[in-house]
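Structural overview
Residues per chain, in single letters:
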Amino acid sequence: MGRFVLEGGIPLRGTVRISGAKNAVLPILAASLLAGDKCTIKGMPELDDVRTICLVLDALGAQLEKNDSTRVTVHSGALVSCEPPYELVRKMRASFLVMGPLLARMGKAKVSLPGGCAIGTRPVDLHLKGFEALGAKISTGHGTVQAEAKRLKGGRIYLDFPSVGATENIMMAATLAQGETLIENAAEEPEVVDLANFLNAMGARIKGAGTKIVKITGVKDLHGTTYTVIPDRIEAGTYMIAAAITRGDLLLQNVIIEHLKPLIAKLQEMGVKVKDEEEGLRVRMGRRPRAVDVKTLPYPGFPTDMQPQIMALLSLARGTSIIIETVFENRFMHVAELKRMGANIRIEGRSAVVEGVPRLTAAPVRATDLRAGAALILGGLATEGITEVNGIEHVDRGYVALEKKLAAAGARIKRVGTAEGPII
Ligand code: EPZ
């Protein structure tokens, strides 16, 4: 169980290169199961979650060749199983994304129901509703769910909630279904668009990804391709807030500005200077941030994955902010830990009332989930003295070489305990 030990109060200055998007590469690697031949994925982030999904593919019989740390070739020509190992699905709920590709490719998929996690129960009912609409027979029992269909047929699905995972799983399954599928009230996240672009590069026929209505016309089979994933907008947003909370000046390279619009708008309201420059996105802050209200929403609204991080920044703002979390039912686990550092936050149902304080105080704290860990590191970067953030195995799931990137921008941070391993 590792921890970060950091000495804060130092304005960050320098350049940070953003890695590939975790939430794009996970569904894209799952989708590589759909091709009968080789797919090469480039720009991959070196993350624990990527290691886990590669182990899942390997267990299903795919051949993986690691070309270098950010490139892997997957050959799914001879799959041997349609049931990913429980201990891997338990470890990472995104493993559930192999269900759609297995159902489409093998006619059957048996996956253990992903457990809940710190931020919520994380049900998969919308995924299963979509598979049923494509003609699959669903059965559950002993903690697993099985989907079976000789040949999937195109259907029409209305998602009660624009679930990212359900949109992705159904889209993948529909690529090989007979006829046309319509997903209505679909998720519009950039990672959904990246997956659709990857599938179309494999010969799929998907239109409307990134809008509320996605149309998939089934094809007989999909071929291999080479594809580079988009940069990680949540990693980028986290470093934007690192610049703001330390009153520093960071240049972020390898970002897609369009994907960051909701966050940029909010940070500018707080008085943060954000400028699109030749070499990248420049983020500067010279004063105490203004308090603002934040409401998380599905894309293109303010991303829930940036809620803990902006809460850390608002804890130090001049004034009172209201944060409303509409996407997950329990995504305030970081509040108790921020309060240990002196933040003044009151939770009322799905809202958090944040009274800004002039400074936080250093304290040992514990990450409960990926983005909560990021928020605590941001709090520590802004605070004089030594802050210890425990439970960094959560952070390693979503941030490539965090301490190295921060140290290169002047942060005093070191990792004690677990070190990151190779991808596969
Ligand atoms: C994806 O999770 C991301 N993970 C999450 O990022 C992100 O927070 C989330 O989308 C929302 O943007 C990956 O892409 C691997 P959802 P996902 O299905 O697909 C409810 C991070 O920090 N729901 O859009 O699981 C669900 O309970 C992670 O990088 C159902 O009710 O999210 C939740 O309240 C955390 N039934 C809401 O929808 C379903 O069948 C959003 O979930 C599916 C979801």
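Here is what the cut-offs are and how they apply
Residues numbered from 1 in each chain as written. Predicted model: local features only at pLDDT ≥ 70, side-chain atom pairs only at ≥ 80, totals over all residues. Heavy atoms only, no water. Axes fitted to C-alpha atoms, helices over the stretch in contact; angles between N-to-C directions. Helix = DSSP H or I, 4+ residues; strand = E, 2+ residues; numbered from the N terminus. Parallel < 35°, antiparallel > 145°, perpendicular 65-115°, else oblique. Contact = heavy atoms within 4.5 Å. Nonpolar A, V, L, I, M, F, W, Y, C, P; charged D, E, K, R; others polar. Pairing = 2+ DSSP bridges. Buried < 20%, exposed > 50% of the residue type's maximum accessible area, 1.4 Å probe, protein only. Core = buried A, V, L, I, M, F, W, Y, C linked by side-chain atoms within 4.5 Å. Salt bridge = Lys/Arg side-chain N within 4 Å of Asp/Glu carboxyl O.

On to the packing of helix α8 (residues 233-245) against helix α9 (residues 261-269). Put simply, α8 and α9 touch, their axes get as near as 11 Å, and they point 10 degrees apart. As the angle between them shows, α8 and α9 are arranged roughly parallel. The residues of α9 that touch α8, namely those facing Gly237, Met240 and Ile241, are Leu263, Ile264 and Leu267. Considered class by class, the residues forming the contact of α8 with α9 number five nonpolar, one polar and no charged.

A word on the sheet that holds strand β15 (residues 273-277). Pairing in this open sheet of four strands is mixed, and the strands run β2-β14-β16-β15 from one edge to the other. Edge positions in the open sheet fall to β2 (13-17) and β15, since each of these has one partner strand only. In this sheet, adjacent strand axes meet at a mean angle of 20 degrees when their direction is disregarded. The pairing of β15 with strand β16 (residues 280-284) spans five bridges and is classified as antiparallel. Paired with Asp276 across the two strands is Leu281, which belongs to β16.

Another aspect to go through is the sheet that holds strand β18 (residues 320-325). Strand order in the open sheet made by the four strands is β17-β18-β20-β19, with mixed pairing throughout. Edge positions in the sheet fall to β17 (294-296) and β19 (344-348), since each of these pairs with one other strand and no more. Adjacent strand axes in the sheet meet at a mean angle of 15 degrees when their direction is disregarded. Direction of pairing for β17 relative to β18: parallel, over a ladder of three bridges. When the sheet's bridge partners are listed, Lys295 is paired in β18 with Ile324. Each of β17, β18, β19 and β20 (351-355) touches helix α10 (residues 307-314); the most contacted strand, β18, lies at about 170 degrees to it.

Here the focus is helix α11 (residues 333-340). Residues His334, Val335, Glu337 and Leu338 constitute the buried set of α11. Elements that come into contact with the buried residues of α11 comprise α10, β19, β21 (364-366) and α12 (370-381).

Among the nonpolar cores identified, the biggest contains 76 residues, and Leu29, Leu34, Ile41, Leu152, Met171 and Leu199 are the most heavily contacted of them. Sequence-distant contacts of Leu199, that is, excluding residues within four places in its chain, are made with Ala31, Leu34, Met171, Met172, Thr175, Ala204, Ile206 and Leu222. If you look at the next biggest cluster of nonpolar residues, it comprises 66 residues, including Ala343, Val365, Ala374 and Ile413.

Another aspect to go through is the pattern of salt bridges. Here the structure, examined in full by the defined rule, presents 24 salt bridges. For Lys129, the salt bridge identified is with Asp160, shortest N-O distance 2.9 Å. With a gap of 31 residues between them, Lys129 in helix α5 (residues 125-133) and Asp160 in the loop between β9 (156-158) and α6 (164-174) connect regions that are remote in the sequence. Residue class for Lys129 comes out partly exposed when judged on its relative accessible area of 35%. The residue Glu191 makes a salt bridge to Arg233 at a minimum N-O spacing of 2.8 Å. Here Glu191, found in helix α7 (residues 190-201), pairs with Arg233, found in helix α8; they are 42 residues apart in sequence, far enough to count as distant. Each member of the pair, Glu191 as well as Arg233, is classed as buried. Salt bridges here are not isolated pairs; linked through shared partners, they connect Asp249, Lys275, Glu277 and Arg282.

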